[in-house]
Amino acid sequence: MPSDLRGMFTRWAETFYAKQFGKNERIQFYESLMGILEDGVSLEDALHTVARAFSDNGQKLHPVSLACRDIAQAVKGGKSLSISCERWVPYDENSLIACGESTGNLVQAFRDCVRIIEIRQRIGKLVASATVFPSVVWGVMAALLYVIAMWMVPSMTRRSNPDAWTGVPAFLYALSNFVTHYGLITLIAIVVFILISIATLPVFCGFQITATSPTWKLQLTQAMQTLRVRAETLPPWSVYKALHGSIFLLNMAVMLRSGINQLDALNTLQRNASPWLKERLSAIHYGVSAGKNFGTALKLAGHEFPDPMAMHFLEVLAIRKGFAESMERFSNRWLEQTLERVEAIAKSLIGVSSMAMGIMMILVVIGIFQLASTVTETL
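The name given to the chain in an unreviewed UniProt entry is Pilus assembly protein, with the source organism recorded as Pseudomonas spelaei. Its UniProt record, at the heading Sequence similarities (unreviewed entry), says of the chain: "Belongs to the GSP F family." The chain has a UniProt comment under Subcellular location (unreviewed entry) that states "Cell membrane".

Take a look at the structure:
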């Protein structure tokens, strides 16, 4: 193979593997460095050691190895670790790394990063359990309704007059008529509503307001904010708010405990935040910059974020000494309570979906037997 072609293939392969540096790979990256740095090895040597370990001394490509090699080269060139990691890790993890550098406790910073990633993974699994299984069940339900409307009921109407049907057969006949005439429209409407709801979760909020914004824009923004706050009493908006609110509190607690002040932490979290979250963080930032304590700033923001009860507790804790440690303890408890609530919602959705499917199947069986009995009596 020509050297130019081999070099192009190598660069393409390295780019491909570098893009696989996801959550699991970052956990491997942080935990590997923790284990070596705790033994007193220098940062540059630790990066090279991890790079060799994951690449089998350069024999194979691995996302962690590529990340370590690139970061080690930047560190050797005089850049700080946080700047060297900018293209490899998210902004909030990078802020913790920067704080760990400034305080000389990189091991604790890496440990905090791992903790945040694992919590996000746990949240992802909960959300998946709350959506995947119920979606499959309702998909099967839609297919069953289609079979009832297109095959089962029409077959029975050819053997018996549906006007004489009563009870379950009459219900199935009415259901068949609804599915035949309005089923497709109803299905499309439900799917579109679900997709729009999910797609607008991070963007359904007010407009960005400036000092020169016209009155109509201010009024429309206030109306949209009020509508979003009211919508957040119902799923999926309530689940979205609860999960992101818990992650927000955890990130703030970790940053405050690491020595980052409140305004800098809020500025960090605003980077790359969704419009919905940025709107809330900007309002909180304004309150803190005006001299309000953290809990009061949450309440004055007017978004009921992350939760009215959480705002009350944080308002009390913010005026006491050791707020960073108190907030971290509170955020841990609040996160566990939020995950338990989301898990309860997931189990409820699964239970309701399974029950609805079971009832529909029972009705179909009862309807078939009753219709068969009716047809037999008319013969």
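Peer 1: Mind showing me how you'd approach the overall build of the chain here?
Peer 2: On a plain count of helices and strands, the chain comes out with 15 helices and 0 strands. Over its C-alpha atoms the chain spans a radius of gyration of 28 Å, topping by over 25% the 21 Å that the globule rule assigns to 379 residues. For the chain, the C-alpha atoms occupy an extent of roughly 95 × 65 × 40 Å along the three principal directions. Scored against the burial criterion, the 379 residues of the chain give a buried share of 41%. In the chain, the share of contacts with a sequence separation of at least 24, taken over all contacts with a separation of at least 6, comes to 64%. Approximately 20,900 Å² of the chain is accessible, and the part contributed by carbon and sulfur atoms is 62%.

Peer 1: Help me understand helix 4 (residues 63–76), please; the structure alone is not making it clear to me.
Peer 2: Three- or four-residue spacings in an α-helix give side chains the same orientation, since the helix completes a turn every 3.6 residues. Its 14 residues place the ends of helix 4 20 Å apart at the C-alpha level, agreeing with the 20 Å of an ideal helix rising 1.5 Å per residue. Counting buried positions along helix 4 gives 10 out of 14 residues, so the element sits mostly inside the fold. Buried residues of helix 4: Pro63, Val64, Ser65, Leu66, Ala67, Cys68, Ile71, Ala72, Ala74 and Val75, and no others. Trailing helix 4 by a residue or two, Gly78 shows a phi angle of about 105 degrees, which is positive.

Peer 1: Quick question: what am I supposed to make of the domain arrangement of the chain here?
Peer 2: For interface size, the figure often reported is the accessible area lost on association. Its domain assignment divides the chain into domain 1 (1–89) and domain 2 (107–378). Taking only C-alpha atoms into account, the centre of domain 1 sits 38 Å from that of domain 2. Listed as interface residues are 11 residues of domain 1 and, on the opposing side, 9 residues of domain 2. On the domain 1 side of the interface with domain 2, the three residues burying the most area are Ile27, Tyr30 and Met34, jointly 49% of the side's total.

Peer 1: Help me out: how do you make sense of the UniProt feature "transmembrane region" (unreviewed entry) in the chain in this one?
Peer 2: Under the UniProt annotation, "transmembrane region" (unreviewed entry) lies at residues 126–153, 182–207 and 349–372. The span residues 182–207 shows a helical share of 73% and a strand share of 0%, and its end C-alpha atoms are spaced 37 Å apart. The span residues 349–372 is 100% helical and 0% strand by assignment, and the distance between its end C-alpha atoms comes to 35 Å.

Peer 1: Can you walk me through the pattern of salt bridges in this structure?
Peer 2: Tallying each qualifying case throughout the model produces 12 salt bridges. Across the salt bridge formed by Arg280 and Glu232, the nearest N and O atoms sit 3.5 Å from each other. Taken together, the positions of Arg280 in helix 12 (residues 275–289) and Glu232 in the loop between helix 9 (215–231) and helix 10 (237–257) put the pair 48 residues apart, joining distant regions of the chain. Here the two residues Arg280 and Glu232 agree in accessibility, since each one is buried.

Peer 1: Just to check I follow, could you spell out the state of the cysteines for this structure?
Peer 2: Covalent bonding between the sulfur atoms of two cysteines is what defines a disulfide. Counted according to the given criterion, the structure contains 0 disulfides. Summary of cysteine pairing: Cys85 is not part of a disulfide, and the nearest cysteine sulfur, belonging to Cys68, is at 8.8 Å. When its relative accessible area of 0% is taken as the criterion, Cys85 is described as buried. Here Cys113 stays free of any disulfide, with the sulfur of Cys85 as its closest cysteine sulfur at 9.0 Å. Since its relative accessible area comes to 0%, Cys113 is described here as buried.

Peer 1: Can you walk me through the packing of helix 10 against helix 11 (residues 262–270) in this structure?
Peer 2: When two helices pack together, their arrangement is captured by the angle between the axes and the distance separating the axes. Running from amino to carboxyl end, helix 10 crosses helix 11 at an angle of 135 degrees, the nearest separation of the two axes being 10 Å. Considering the angle they form, helix 10 stands oblique to helix 11. Regarding helix 10 and helix 11, the two cross each other, and that crossing is right-handed. In contact with Phe248, Asn251, Met252, Met255 and Leu256 of helix 10, helix 11 contributes Gln262, Ala265, Leu266, Thr268 and Leu269.

Conventions used here
Residues numbered from 1 in each chain as written. Predicted model: local features only at pLDDT ≥ 70, side-chain atom pairs only at ≥ 80, totals over all residues. Heavy atoms only, no water. UniProt positions renumbered as here; feature names shortened; annotations may be inferred. Helix = DSSP H or I, 4+ residues; strand = E, 2+ residues; numbered from the N terminus. Rg over C-alpha atoms; globule rule 2.2 N^0.38 Å. Buried < 20%, exposed > 50% of the residue type's maximum accessible area, 1.4 Å probe, protein only. Contact = heavy atoms within 4.5 Å. Areas by Shrake-Rupley, 256 points an atom, 1.4 Å probe, with all protein chains shown as cover. Expected span 1.5 Å × (residues − 1). Domains from an automatic or database assignment. Buried area = accessible area lost by both parts, 1.4 Å probe. Salt bridge = Lys/Arg side-chain N within 4 Å of Asp/Glu carboxyl O. Disulfide = S-S within 2.5 Å. Axes fitted to C-alpha atoms, helices over the stretch in contact; angles between N-to-C directions. Parallel < 35°, antiparallel > 145°, perpendicular 65-115°, else oblique. Left-handed = near helix turned anticlockwise from the far one by under 90°.

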